[in-house]
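# Chain and residue survey
This is what each chain is made of:
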Amino acid sequence: MTTTSAAVRTSGPALPQARGPLSAAVLHALRGGGADAAALRGDVAAADPFGDDLQLALCACYELHYRGFAGVADDLEWDPDLLALRRDLERVFLAALRAAVAGGDDLAGEIDALLVEHVDAPGVSAHLRKHGELWQFREYIALRSIYHLKEADPQAWVIPRLEGEAKAALVTVEHDEYGAGRGDRMHAQLFADMMRELGLSDDYGHYLDVAPAAVLAEVNLMSLCGLHRSLRGALVGQFAVVELTSSPGSDRLVRAAKRLRCGPATEGFYAEHVEADAVHEQVVRHGIIAPLVAADPAMAADVVFGMQATAVLDERLSEHLLASWAAGRSALLRPLADGRAVPPV
Amino acid sequence: MPADRAPRRVRITGDGPILLEGPVEVDLPDGRRVVSERPVTALCVCGSSKRYPFCDTSHRRRVRAEPEEER
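Counting from 1, residues in each chain are numbered in the order their sequence is written. Labels are handed out in written order, letters beginning with A for the chains and numbers beginning with 1 for the ligands. With pLDDT at 70 or above as the cut-off, local features in this predicted model cover only qualifying residues; side-chain atom pairs require 80 or more to be listed or tallied, and sums for whole chains, interfaces and linings still use all residues.

Strands are runs of DSSP state E lasting at least 2 residues, helices are runs of H or I lasting at least 4, and numbering of each runs from the N terminus. In terms of regular secondary structure, chain B is built from 0 helices and 6 strands. Counting other C-beta atoms within 10 Å of a residue's own tells you its class, since 20 or more makes it buried, 12 or fewer makes it exposed, and anything in between is partly exposed; those C-beta atoms are placed from the backbone. By residue count, 24% of the 71 residues in chain B fall in the buried class. Taking the intrachain contacts of chain B between residues at least 6 apart in sequence as the baseline, contacts between residues at least 24 apart amount to 19%. A pair of residues counts as a contact when their C-beta atoms, built from backbone coordinates, are separated by no more than 7 Å.

Written out as structure tokens, the structure reads:
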């Protein structure tokens, strides 16, 4: 191992439970046991690219670049053996995403499609608004915490990879996500406030062990695109999808929160996103994408890929949530057992 | 305009809101004054916003997936 510093986090999230050979190997490496990518080639080749084992393994690798885990050496972030293993996992994930999307470079067409509001279209926020039960809303928030407690962090990595107006505009949106200079207004903090209001733990990483692969894959796509300069266009595409579709979805969740009497922090989180993301949509389209593609037209296909890959993963997560709830089942790997609203037994 | 400031940039998007740089106070015809402290504010010009005077994307084209009964 090439660790040069003994710095080890004593606080922070606990390591998750392994979900198969790949995640077990990453967790073994995080505990200081070393990684051997070559010995895992067979397991990598056999893995489901969207399955629990590979997605948790990737998620654990990426977490080294965010907050790390309790008991794990900080310097493992740049351990070459672990990075080699991560690269193999990423190639499988990326190849599966490329195979799952339509591709092309019709950026205007992709954006226009997102700007049409499909009334009565099925979806998680539409379900929660009309029929959702409190236990389902709480499950949704617990699962979304995997991203929202680091909201805007994966996208921050793209800043040094952009230039000029696109960079300035992206920072404008990120500044807003980070509370425009006020820590208590950071969107991740507003999300934590909502979690406590709903009787959920706002400890970073608390729900990682119960988050299914479909949840992890969405965040892994952000980390993948954020950490690779070659995927900067795809990161912008991912960011664009979130910012272009968030306002109507957030409005539905405000209504869900009112109907379920969740409380002011919950209504406030989504109300903030209705207004903020109406602004962000405009800044992303006119301030980031337009100058990015004007300076380098080849970027269009990369942005389209990021948009389509995001849609593929969003669809997978929606299907999982709606199918689980329709069957009266928890969408978590294990139901919440915190004495609050929980699924029927 | 304060002397130490460059002219404030206003963008008329054409298909959506007007974008204003910096925090703004907006005086409404009914005498109310609302404040937006955002780095950029999107001002509704279509009149459909439920958060008027701020844009909530209600200007977007709405389509129904299939002809469905209203319940």
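The next thing to look at is the overall build of chain A. The helix and strand inventory of chain A stands at 14 helices and 1 strand. The C-alpha radius of gyration of chain A comes to 20 Å, within 12% of the 20 Å expected for a compact globule of 345 residues. The principal-axis extents of the C-alpha atoms in chain A amount to approximately 55 × 50 × 40 Å. A total of 345 residues make up chain A; the buried ones form 50% of that total. The size measure is the radius of gyration over C-alpha atoms, and the globule rule it meets is 2.2 Å times the number of residues to the 0.38 power.

Taken together, the 23 residues of chain B in the interface contact 23 residues of chain A. Counting residues per element, the ones that place at least two in the side of chain B that touches chain A are strand 5 (40-43) and strand 6 (62-64) of chain B. Residues are grouped as follows: Ala, Val, Leu, Ile, Met, Phe, Trp, Tyr, Cys and Pro are nonpolar; Asp, Glu, Lys and Arg are charged; every other residue, Gly included, is polar. A per-class count over the side of chain B that touches chain A returns 9 nonpolar, 4 polar and 10 charged. Two strands pair when backbone bridges link them, and strand 1 (residues 117-119) of chain A and strand 6 of chain B are joined in this way by 3 bridges, in the parallel orientation. Bridge assignment links V119 of chain A to a residue of strand 6 of chain B, and that residue is R64 of chain B. The pairing criterion is simple: DSSP has to find at least two bridges between the two strands.

Another aspect to go through is the pairing of strand 3 (residues 24-27) of chain B. All names here are of chain B. In the sheet, strand 3 pairs with strand 4 (residues 33-36) via 4 bridges, with the strands oriented antiparallel. Within strand 4, the position partnered with E25 by the bridge is V35. Counted between consecutive antiparallel strands, the loop separating strand 3 from strand 4 contains 5 residues, among which G31 sits at a positive phi close to 95 degrees.

Before going further, it helps to spend a moment on the domain arrangement of chain A. The parts lose accessible area when they come together, and the size of an interface is often stated as this lost area. Residue and element names in this part refer to chain A. Domain parsing of chain A yields domain 1 (21-100) and domain 2 (107-326). On a C-alpha basis, the centroid separation for the pair domain 1 and domain 2 is 24 Å. In this complex, domain 1 contributes 16 residues to the contact, which on the side of domain 2 involves 15 residues. Element by element, the count of residues in the side of domain 1 that touches domain 2 is highest for helix 3 (residues 52-63), at 6 residues. Along the lines of polarity and charge, the residues of the side of domain 1 that touches domain 2 split into 10 nonpolar, 3 polar and 3 charged. Domain segmentation is taken from an automatic or database assignment of domains.

Moving on, we get to helix 12 (residues 232-259) of chain A. Residues and elements named next belong to chain A. For a helix, the expected span equals 1.5 Å multiplied by the residue count minus one. Spanning 28 residues, helix 12 covers 40 Å between terminal C-alpha atoms, matching the ideal 40 Å at 1.5 Å per step. Helix geometry: helix 12 is bent most strongly at S246, by close to 50 degrees, with proline P248 lying one to four residues after it. By the criterion of burial, helix 12 is predominantly enclosed, with 25 of the 28 residues buried. Looking one or two places after helix 12, you find R261, whose phi comes out positive at around 50 degrees. One axis is fitted to the seven residues ending at the residue and one to the seven starting there. The bend at that residue is the angle between these axes.

Let us now look at the sheet that holds strand 1 (residues 10-12) of chain B. A sheet is described by the order of its strands in space; here 3 strands give the open sequence 1-2-5 (chain B), paired in antiparallel fashion. Lying at the two open borders of the sheet, with one neighbouring strand each, are strand 1 and strand 5 of chain B. Between one strand and the next, the sheet's axes are offset by a mean angle of 20 degrees, whatever the strand orientation. Where strand 2 (residues 18-21) of chain B and strand 5 of chain B come together, 4 bridges link them in antiparallel fashion. Bridging from a neighbouring strand, L19 of chain B pairs with A42 of chain B of strand 5 of chain B. In the packing of helix 13 (residues 264-295) of chain A onto the sheet, the strands contacted are strand 1, strand 2 and strand 5 of chain B, and the crossing angle to strand 5 of chain B comes to about 105 degrees. Each axis is a line fitted through C-alpha atoms, and for a helix only the stretch in contact is used; angles between axes span 0 to 180 degrees, taken between their N-to-C directions.

As a further point, take the environment of A240 of chain A. Residue and element names in this part refer to chain A. Along the polypeptide, A240 turns up in helix 12. Residue A240 is classed as buried on the basis of its 24 C-beta neighbours within 10 Å. C-alpha of A240 to C-alpha of V283: the two residues are 43 residues apart in sequence and 9.7 Å apart in space. Here A240 is in contact with V284, I289, V303 and M307, once residues within four sequence places are set aside.

All names here are of chain A. Across the interface, helix 3 lies against helix 4 (residues 80-100) with an axial gap of 10 Å and an inter-helix angle of 135 degrees. Compared by their axis directions, helix 3 and helix 4 come out oblique. Handedness of the helix 3/helix 4 crossing: left-handed. Contact with helix 3, carried on its side by L54, A57, L58 and C61, involves L82, R86, L89, E90, V92 and F93 of helix 4 and no other residues of that element. Class assignment of the residues belonging to the contact of helix 3 with helix 4 gives a composition of 8 nonpolar, no polar and 2 charged. Convention used here: angles under 35 degrees read as roughly parallel, angles over 145 as roughly antiparallel, angles from 65 to 115 as roughly perpendicular, and any remaining angle as oblique. Take the far helix as the reference: if the near one is turned anticlockwise from it by less than a right angle, the crossing is left-handed, and if turned clockwise, right-handed.

Take the confidence of the model for chain B next. A residue's pLDDT is simply how confident the predictor is in it, with values from 0 to 100. Of all residues in chain B, 85% attain a pLDDT of 70 or more, and the chain-wide mean is 86. This prediction of the complex comes with two scores: 0.93 for pTM and 0.82 for ipTM.

Next up on the list: the environment of L94 of chain A. Locating L94 of chain A in the fold gives a position in helix 4. In this structure the C-alpha to C-alpha distance between L94 of chain A and P49 of chain A, which are 45 residues apart in sequence, comes to 8.5 Å.

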